[in-house]
Amino acid sequence: PPPPRAAPPRAAPPRAAPTAQVLAQLTAHEASVEYAGFCDAMQLAASGGMDGRLCVWDLNTFTLRHTCMHPGGVIEIRWLRDSPLLISCSVSRELRLWDGRSGACIQTLIGHHEALLCLDVGYTSHGLYVATGSDDRTARLWRPNPLGQ
């Protein structure tokens, strides 16, 4: 009879990857945080939660700069390119354009009949466009006015 085969070598257990350093824990929401993102024009970040809060954070001090309110949960946020302005969508069927420096709402866009689920921002030779998707089974294209006119 042939000699018994040696057991195949066992793979070494996977090593834990080194963890990143946590710089800050940003706490201001009273419900789940659904989205977070960075401003590319200033040292700001924003988070949006199901409590209707859009929180603007100062990244120099890791402190809350503004709390902007939607009537319903904030699902998604996008900072506008090279700008301190951001746009958010919520389950309250609206888009809001905000100034991250002051926390002021510049424009509210309403048109969907159900909760907004997603948004994206696009830039063309004709200007700024926003695409949204909703529980009303439609996608819509918007042309917000960052100047608030």
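Residues numbered from 1 in each chain as written. Predicted model: local features only at pLDDT ≥ 70, side-chain atom pairs only at ≥ 80, totals over all residues. Heavy atoms only, no water.

*Asks:* Account for the nonpolar core, with residues named and values stated.
*Replies:* Counting residues in hydrophobic clusters, the biggest one holds 14 residues, and the most contacted among them are L80, I87, C89, L95, L119, V121 and V130. Residue assignment for this core shows that the elements contributing at least two residues are strand 6 (85–90), strand 7 (94–99), strand 9 (116–124) and strand 10 (127–134). Each residue touching V130, except ones within four places of it in the same chain, is listed here: I87, L95, L119, D120, V121, R140, L141, W142 and P144. Counting residues in each nonpolar core, the second largest holds 11 residues, with C39, V56, V74 and W98 among its members. (Core = buried A, V, L, I, M, F, W, Y, C linked by side-chain atoms within 4.5 Å. Buried < 20%, exposed > 50% of the residue type's maximum accessible area, 1.4 Å probe, protein only. Helix = DSSP H or I, 4+ residues; strand = E, 2+ residues; numbered from the N terminus. Contact = heavy atoms within 4.5 Å.)

*Asks:* Please give an account of unusual backbone geometry that cites residues and values.
*Replies:* Of note, F62 is a non-glycine position whose phi angle comes to about 55°, a positive value. Relative to the helices and strands, F62 is located in the loop between strand 3 (53–58) and strand 4 (63–69). Phi at D82 is positive, roughly 55°, even though this residue is not glycine. Owing to a relative accessible area of 61%, D82 belongs among the exposed residues under this scheme.

That's the geometry; what it means functionally is another story.
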